[in-house]
Amino acid sequence: MSASQTSDVPTLLVKIFGKDRPGITAGLFDTLAAYSVDVVDIEQVVTRGRIVLCALVTEPHVGLEGDLRATVHSWAESMKMQAEIISGHGDNRPRGLGRSLVTVLGHPLTAESTAAIAARITKSGGNIDRIFRLAKYPVTAVEFAVSGTETEALRTALVTEAAALGVDIAVVAAGLHRRAQRLVVMDVDSTLIQDEVIELFAAHAGCEAEVAEVTAAAMRGELDFEQSLHARVALLKGLDASVVDKVREEVRLTPGARTLIRTLKRLGFQVGVVSGGFTQVTDDLKERLGLDFAQANTLEIVDGKLTGKVTGEIVDRAGKARLLRRFAAEAGVPLAQTVAIGDGANDLDMLNAAGLGVAFNAKPVVREAAHTAVNFPFLDTVLYLLGVTREEVEAADMHTDDH
């Protein structure tokens, strides 16, 4: 039957609740089967060992409803559970146009912030159709399925309040694309890794203070990225090339980085990095982590020494966005299906060009401009923004020795 044909059909909403145990769902439907009813809808949730099972079924043949009610109540009592049966017509009311998924990360997720989020969804014209927990640690992550309002309007309403509420919020359009093949591209320094690679090299050259001074000038807007890159690399002139291996060993991955990449790869995603740092480090990361793409600046080395220059295409703010588009084209993934992760102002073009831009532990100006922000020190929390549950991550990890 079509939705219009079922709208006036008499139905019964059968609700069972109590302590969860094996066989409850089968038992309920075995009981209902005796009355030849059709199943219109089912919803079941288990929270802290308590089950709520709702079954929407067609009304039984004339004269049998009273017997069905008595039998269901008797069965529920035998299972030490409670039952509630409500008569009505048709299915659920049609959901409004505009479907979105709202992911909320909290540490902790308070009742106050949850109330504010729900109120804002309602004020935006949205209806919460379903709420599902994605993870309970290292953060609490829940997903709201919302209908009745456009995704962009909902994102604007919620994301701007996230920081004040002490949570991170991502809003994406619902649909088949949620688990389609996608491309994730990350910044490297202070995103994939905890370090700034230029500072690691500077430490070996004994010019940390000078490099920091140039960096500060760039942040004040006195130098653009390319100028500051050349100025800082020039300070490394004469450094022995053997330092490259030492810097590679000193690089510290961000907590959760391996889990994020490993899980994305198992899901069939392609993963890449773009960096204003150096290929001498990113190429090593690509090999170690099994990345699909990697692009950065290249330190020039002549006769075993750094020349203080870089060669090839400069990877700056505009370059990162350009590389995101290039990687997407090579991967055969529409730009709308890309995810970009970064922390700095030079990541903004890339974050805005991607289908979902995630500011990771970023400065306020970056958080405000990105689609969403993650302010927890675990890179794998980005998985929850993609609808991946903690249980799915752990289940996948049980089948590998790669930890």
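Predicted, not measured: the structure shown is a model, and the values here were computed from it.

What counts as what
Residues numbered from 1 in each chain as written. Predicted model: local features only at pLDDT ≥ 70, side-chain atom pairs only at ≥ 80, totals over all residues. Heavy atoms only, no water. Salt bridge = Lys/Arg side-chain N within 4 Å of Asp/Glu carboxyl O. Helix = DSSP H or I, 4+ residues; strand = E, 2+ residues; numbered from the N terminus. Buried < 20%, exposed > 50% of the residue type's maximum accessible area, 1.4 Å probe, protein only. Core = buried A, V, L, I, M, F, W, Y, C linked by side-chain atoms within 4.5 Å. Contact = heavy atoms within 4.5 Å. Pairing = 2+ DSSP bridges. Axes fitted to C-alpha atoms, helices over the stretch in contact; angles between N-to-C directions. Phe/Tyr/Trp six-rings, centres within 6.5 Å; stacked < 30°, edge-to-face > 60°.

**Details of the pattern of salt bridges**
- Under the defined criterion, the tally for this structure stands at 16 salt bridges.
- Of the charged contacts, one joins Arg252 and Asp195 as a salt bridge, the two residues approaching to 2.8 Å between their closest N and O atoms. With Arg252 in the loop between helix H9 (243-250) and helix H10 (257-266) and Asp195 in the loop between strand S9 (183-186) and helix H6 (197-205), this residue pair connects regions lying 57 residues apart in the sequence.
- Overall, Arg252 belongs to the partly exposed group, its relative accessible area being 43%.
- Judged by relative accessible area, Asp195 falls into the buried class, the value being 8%.
- Of the charged contacts in the structure, one is a salt bridge between Asp349 and Arg317, with a shortest N-O distance of 2.9 Å. Placement of the pair is Asp349 in helix H13 (residues 348-353) and Arg317 in helix H12 (residues 317-331), with a sequence separation of 32 residues.
- The exposure class assigned to Arg317 is partly exposed, which follows from its relative accessible area of 35%.
- One continuous salt-bridge network, built from bridges that share partners, spans Asp187, Lys320 and Asp347.

**Some details on the nonpolar core**
- Core analysis: the biggest nonpolar cluster contains 62 residues, and Met186, Leu192, Phe201, Phe278, Leu285 and Ile341 have the highest contact counts within it.
- Per-element accounting of this core gives the leading share, five residues, to H6.
- Discounting chain neighbours no more than four positions away, the residues touching Met186 are Leu192, Leu260, Ile261, Val271, Gly272, Val273, Val274, Ile341 and Leu379.
- Within the second largest apolar cluster, 22 residues are counted, among which are Leu323, Leu324, Ala331 and Ala353.

**Topic: unusual backbone geometry**
- Residue His107 is joined to Pro108 through a cis peptide bond whose omega torsion reads 0°.
- Inspection of the secondary structure puts Pro108 in the loop between strand S5 (99-106) and helix H4 (111-123).
- In this model, Tyr137 is joined to Pro138 through a cis peptide bond whose omega is 0°.
- Along the chain, Pro138 turns up in the loop between strand S6 (127-135) and strand S7 (140-147).
- At Ser36, a position not held by glycine, the phi torsion is positive, near 55°.
- Positionally, Ser36 belongs in the loop between helix H2 (24-33) and strand S2 (39-47).
- Since its relative accessible area comes to 53%, Ser36 is described here as exposed.
- Positive phi is not limited to glycine here, since Asp303 has a value of about 55°.

**Overview of the sheet that holds strand S15 (residues 372-374)**
- Ordered in space as S12-S11-S10-S9-S13-S14-S15, the seven strands form an open sheet in which the pairing is mixed. In this open sheet, the two strands that pair with only one neighbour each are strand S12 (305-311) and S15. Geometrically, the sheet is characterised by an average inter-axis angle of 25° between neighbouring strands, direction not taken into account.
- Pairing geometry for strand S13 (residues 338-342) and strand S14 (residues 356-360), over four bridges, is parallel. Counterpart to Ala340 in the pairing with S14 is Gly357.

**As for the environment of Ala373**
- Of note, Ala373 is situated in strand S15.
- Look at Ala373 and you get buried, because its relative accessible area is 12%.
- Here the alpha-carbon distance between Ala373 and Phe360, two residues 13 residues apart in the chain, equals 5.9 Å.
- What Ala373 contacts, discounting residues up to four positions off in sequence, is Asp168, Ala359 and Arg367.

**Looking at the packing of aromatic side chains**
- Applying the stated rule across the entire model yields two aromatic pairs.
- Aromatic pair Phe201 and Phe278: ring centres 5.9 Å apart, planes at 85°, arrangement edge-to-face. Pair noted here: Phe201 is in helix H6 and Phe278 is in strand S10 (residues 270-278), with a separation of 77 residues, a long-range link. Neither Phe201 nor Phe278 differs from the other in exposure class; each is buried.
- Summarising the aromatic geometry, the rings of Phe293 and Phe327 are spaced 4.7 Å apart at their centres and angled 15° between planes, so their arrangement reads as stacked. Residue Phe293 is located in strand S11 (residues 293-302), and its partner Phe327 is located in helix H12; the two are separated by 34 residues in the primary sequence.
- For Phe327, a relative accessible area of 3% gives the class buried.

**A closer look at the sheet that holds strand S3 (residues 50-58)**
- Taken in spatial order, the four strands line up as S2-S3-S1-S4 in an open sheet, and their pairing is antiparallel. This sheet does not close on itself; its edge strands, each paired only once, are S2 and strand S4 (82-89). When strand polarity is set aside, the average angle formed by the axes of neighbouring strands in this sheet is 10°.
- Pairing geometry for S2 and S3, over eight bridges, is antiparallel.

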